[in-house]
Amino acid sequence: MQRTDVIVVGAGPTGLLLASELALQGVQVTVLERLQEPDTTIKSGSINVASAEILDRRGMLPAAEESQQRRMAAAGKFTAGGGTAVTRGVVGGFEQTSPRFPVMGHFAGIMFRNDLVDQEDPVLASHTAVAGGVAVPQYDLELLLADRCAQLGVDVRRGIAVKGVRSTGGDLLADADVVVETDAGELTAGWVVAADGGRSPIRKQLGIDFIGTDPELVGYQGIADFDDTTGLSHGWNWTPRGVYAYGPIPGRILVARFGPQPEDRDAPVTLEELQEVVRDVTQTNVTLSAIHGRATRWSDNARRVKHYRHGRVLFAGDAAHVHSPFSAQGLNLGFGDAVNLGWKLAATIQGWAPAGLLDTYDTERSPIADWVLDWTRAQVALMRGDERTKQLRRVVGDELFTVPGATNKMLAVSSGIMQHYDVADDATAPVGTTAGDVVLTSGRRLADFAHDGRFVLVDRTHDGRFADAVQHLSERIAYVADSAADTELPSLLVRPDGIIIWAADQDDEPTSDDATKRLDAATLRWAGTR
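Computed from a prediction, not measured in an experiment: that's the story for all the values here.

On to the packing of helix 1 (residues 13-24) against helix 6 (residues 138-151), then. It is the contact of helix 1 with helix 6, at a shortest axis distance of 9 Å, that shows an interaxial angle of 25°. Here helix 1 lies roughly parallel to helix 6, going by the angle between them. Considering the relative orientation of helix 1 and helix 6, their crossing is left-handed. In contact with Pro13, Leu16, Leu17, Ala19, Ser20 and Leu24 of helix 1, helix 6 contributes Gln138, Leu141, Glu142, Leu145, Ala146, Arg148 and Cys149. Tallied by class, residues from the contact of helix 1 with helix 6 come to 9 nonpolar, 2 polar and 2 charged.

So this is what it looks like as structure tokens:
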């Protein structure tokens with residue numbers, strides 16, 4: 001029976017990113033995917049800033065930037081033919097040459113507007129390096145990650161359906177290998193990660209609790225040919241029957257209608273079904289003549305696993321949490337899972353993980369999932385078709401969003417850069433936050449030193465006082481001397497997932513070793529010992 005260190009079930013963005021993160025750390029990994037080829041169905045049209053920064057730290061930003069250039073070229077032609085001022089402003093914002101925080105997305109169909117964003121906000125200004133690589137469609141992202149896996153020697157096997165898992169020790173909670181049963185035979189691994197989607201067969205087989213709330217609406221998305229688009233408005237639009245989005249690429253239509261779920265959720269979406277719901281929600285008589293590829297049907301079912309780990313089986317991406325796709329949070333949430341879990345599972349397999357390290361995958365990611373589920377539920381509540389919700393939308397969109405700083409806060413939260421982990425006792429910002437744009441005196445950036453998946457220590461002291469503290473962990477921690485004239489720039493220790501776990505001002509306790517003691521504590525807690 002074939003054995004590997006880790007089997008990842010599912011070759012979507014979460015599974016592929018996780019596999020590449022494991023392989024980067026020297027772990028043998030096999031990916032099993034039931035589809036013969038990457039799914040061309042239109043899904044997420046972009047990633048958020050936090051996800052783009054993950055690609056940046058692994059050297060994949062140039063490929064993402066190429067994808068965005070293609071997408072913006074298509075969007076520019078579409079909006080030029082009749083886009084609203086808001087949609088033209090969003091597309092136009094990506095054409096700016098100066099560093100800018102990317103303004104894209106919406107809350108409950110209320111689009112974030114370029115003219116309401118203060119680009120001088122220090123929070124946004126510290127996350128502009130990846131602005132050229134966020135408008136990346138999911139299909140492009142999967143191809144990019146598949147190439148990454150191939151470069152790292154990941155064994156990706158397509159056309160293989162997983163039937164179930166069992167432990168060689170009789171109990172999956174036992175410290176024993178896991179057998180994965182497939183239609184092509186059995187494989188054995190030390191660990192299995194289920195990244196097999198919202199209807200995860202592995203999660204269902206194991207009877208894992210999936211806690212949350214039932215759906216209120218049914219949504220559709222597809223690329224269609226329209227005989228006549230009279231009455232359709234570009235961008236996001238609310239009506240008493242639901243919400244719809246037209247564009248930003250030719251033929252793309254997304255529509256959500258409140259009401260009961262279909263009897264057969266797995267039935268293909270027909271042209272007639274899509275046209276009926278589009279006409280109903282848009283209150284127009286548009287006629288669809290064809291669907292390109294496959295249209296999708298979804299809901300706002302919002303749930304997550306109670307625990308992300310069941311013995312030697314872990315859950316990530318949609319297998320761990322589902323919700324509506326509003327604000328494209330699902331893909332980004334899965335990306336966060338993958339980059340958080342990858343190095344921790346690798347450390348566990350390789351034997352250097354500090355006590356309890358793998359458990360922090362659950363304790364760190366569960367609260368983030370809870371927040372995302374609530375974020376999407378709040379949007380659904382603001383999309384309901386009654387008159388009071390209409391009045392509330394007017395207040396939120398016309399009054400609250402126009403208050404100075406309000407759009408900045410909503411944009412920052414939606415972009416994933418406000419997430420925080422409790423990584424050190426009594427620590428204050430920036431500890432626990434994402435590193436973002438850390439520019440060095442050489443002109444390079446911290447992200448340039450994170451391509452190999454190690455921790456990164458940026459030492460900004462003039463005497464390099466922190467070098468000795470991490471010299472014994474050089475295979476795990478990249479030391480970067482960056483003596484800076486600006487004494488307000490702190491030295492930083494950053495985890496492989498981009499989270500700052502230690503910081504010290506240049507003049508921090510200059511006559512004591514308190515800063516070094518805190519650095520020692522951070523490395524011991526997260527990077528272990530030799």
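What follows continues from the structure just given.
So, about a nonpolar patch on the surface. A cluster of nonpolar side chains, contributed by Leu392, Val395 and Leu400, occupies part of the molecular surface with about 250 Å² of accessible area. Tracing the chain through its elements places Val395 in helix 11 (residues 387-400). Classification of Val395 by relative accessible area gives partly exposed; the value is 39%.

Next up on the list: the sheet that holds strand 15 (residues 302-305). The sheet built from 3 strands is open, its strands ordered 9-15-18 with antiparallel pairing. Because the sheet does not close on itself, it has two edges, and the strands there are strand 9 (210-213) and strand 18 (321-322). Relative to strand 18, strand 15 runs antiparallel, the two sharing 2 bridges. Its bridge partner lying in strand 18, Arg303 is registered against Val322. Each of strand 9, strand 15 and strand 18 touches helix 10 (residues 359-381); the most contacted strand, strand 15, lies at about 170° to it.

Here the focus is the pattern of salt bridges. All told, the structure shown has 32 salt bridges when counted by the stated rule. Residue Arg365 pairs with Asp337 through a salt bridge whose shortest N-O separation is 2.8 Å. Pair noted here: Arg365 is in helix 10 and Asp337 is in helix 9 (residues 329-350), with a separation of 28 residues, a long-range link. Across the pair Arg525 and Asp425 runs a salt bridge, and its minimum N-O distance is 4.0 Å. Note that Arg525 is positioned in helix 14 (residues 514-526) and Asp425 in the loop between helix 12 (406-414) and strand 19 (455-459), a separation of 100 residues in sequence. Residue class for Arg525 comes out partly exposed when judged on its relative accessible area of 37%. The network of salt bridges with common partners includes Arg241, Arg257, Glu276 and Asp280.

Spatially, the 4 strands line up as an open sheet ordered 20-19-21-22, and their pairing is mixed. Both edges of this open sheet fall to strand 20 (477-481) and strand 22 (500-504), since each of them pairs with a single strand only. Averaged over all pairs of adjacent strands, the angle between strand axes in this sheet comes to 10°, irrespective of strand direction. Judged from the 3 bridges that link them, strand 19 and strand 21 (residues 491-494) form a sheet pairing that is antiparallel. Residue pairing for strand 21: Val458 is matched across the bridge by Leu492. Strands in contact with helix 14 are strand 19, strand 20, strand 21 and strand 22; relative to strand 22, the strand with the most contacts, it is inclined by about 170°.

This paragraph deals with the packing of aromatic side chains. Using the criterion set out here, one finds 9 aromatic pairs in the structure. Ring centres of Phe107 and Trp375 lie 4.9 Å apart, and the angle between their planes is 70°; this geometry places the pair in the edge-to-face category. Of this pair, Phe107 sits in strand 3 (residues 106-107) while Trp375 is found in helix 10, placing the two residues 268 residues apart along the sequence. Per residue, the accessibility class of Phe107 equals that of Trp375, and both read buried. Considering the side-chain rings of Trp343 and Phe455, the 5.4 Å spacing of their centres and the 80° angle between planes classify their relative orientation as edge-to-face. With Trp343 in helix 9 and Phe455 in strand 19, this residue pair connects regions lying 112 residues apart in the sequence. Residue Phe455 is classed as buried on the basis of its relative accessible area of 2%. Over the aromatic face of Phe210 sits the side chain of Arg203, whose NZ or CZ is 3.6 Å from the ring centroid. For Arg444, the ring lying beneath its charged end belongs to Phe449, and the centroid distance is 4.4 Å.

So, about the packing of helix 2 (residues 49-57) against helix 9. Helix-helix packing: each pair is described by the crossing angle between the helix axes and the interaxial distance. At a minimum axis distance of 9 Å, the contact between helix 2 and helix 9 shows a crossing angle of 40°. Overall, the two elements helix 2 and helix 9 adopt an arrangement that is oblique. Here the hand of the crossing between helix 2 and helix 9 comes out left-handed. Taken together, the residues of helix 9 that come into contact with helix 2 (itself represented by Ser51, Ile54 and Leu55) are Asn332, Phe335, Gly336 and Val339. When the residues that make up the contact of helix 2 with helix 9 are grouped by side-chain class, the tally is 4 nonpolar, 3 polar and no charged.

Further remarks concern unusual backbone geometry. A cis amide bond links Gly247 to the next residue, Pro248, at an omega of 5°. Tracing the sequence through the fold places Pro248 in the loop between strand 12 (242-246) and strand 13 (252-258). Cis geometry is found at the peptide bond from Ala429 to Pro430, where omega equals 10°. Structurally, Pro430 can be placed in the loop between helix 12 and strand 19. In the Ramachandran plot, Gln283 falls in the positive-phi region, its phi being about 60° despite a non-glycine side chain. Position of Gln283 among the secondary structure elements: in the loop between helix 8 (271-282) and strand 14 (287-299). Since its relative accessible area comes to 54%, Gln283 is described here as exposed.

The next thing to look at is the side chain of Arg476. Examined against the element boundaries, Arg476 turns out to sit in the loop between helix 13 (467-470) and strand 20. A residue is classified by how much of its surface remains accessible, and Arg476, at 10% relative accessible area, is buried. From its side chain, Arg476 meets the backbone oxygen of Thr529 in a polar contact 3.0 Å long. Once residues within four sequence positions are removed from consideration, Arg476 is found in contact with Trp352, Arg454, Phe455, Ala527, Gly528, Thr529 and Arg530.

Counting buried residues in strand 19 gives 5 out of 5 residues, a clear majority hidden from the surface. With burial as the criterion, each face of strand 19 is covered, one bearing Phe455, Leu457 and Asp459 and the other bearing Val456 and Val458. Where strand 19 and strand 20 come together, 5 bridges link them in parallel fashion. Among the inter-strand pairings, Val456 is bridged to a residue of strand 20, identified as Ala478.

Definitions and cut-offs
Residues numbered from 1 in each chain as written. Predicted model: local features only at pLDDT ≥ 70, side-chain atom pairs only at ≥ 80, totals over all residues. Heavy atoms only, no water. Axes fitted to C-alpha atoms, helices over the stretch in contact; angles between N-to-C directions. Helix = DSSP H or I, 4+ residues; strand = E, 2+ residues; numbered from the N terminus. Parallel < 35°, antiparallel > 145°, perpendicular 65-115°, else oblique. Left-handed = near helix turned anticlockwise from the far one by under 90°. Contact = heavy atoms within 4.5 Å. Nonpolar A, V, L, I, M, F, W, Y, C, P; charged D, E, K, R; others polar. Patch = residues over 30% accessible without salt bridge, like charges linked within 9 Å, V, L, I, M, F, W, Y side chains within 5 Å. Areas by Shrake-Rupley, 256 points an atom, 1.4 Å probe, with all protein chains shown as cover. Salt bridge = Lys/Arg side-chain N within 4 Å of Asp/Glu carboxyl O. Buried < 20%, exposed > 50% of the residue type's maximum accessible area, 1.4 Å probe, protein only. Pairing = 2+ DSSP bridges. Phe/Tyr/Trp six-rings, centres within 6.5 Å; stacked < 30°, edge-to-face > 60°. Lys NZ or Arg CZ within 6 Å of the ring centre and 35° of its normal. Polar contact = N/O pair within 3.5 Å; in protein donor to acceptor, adjacent residues only side chain to side chain.

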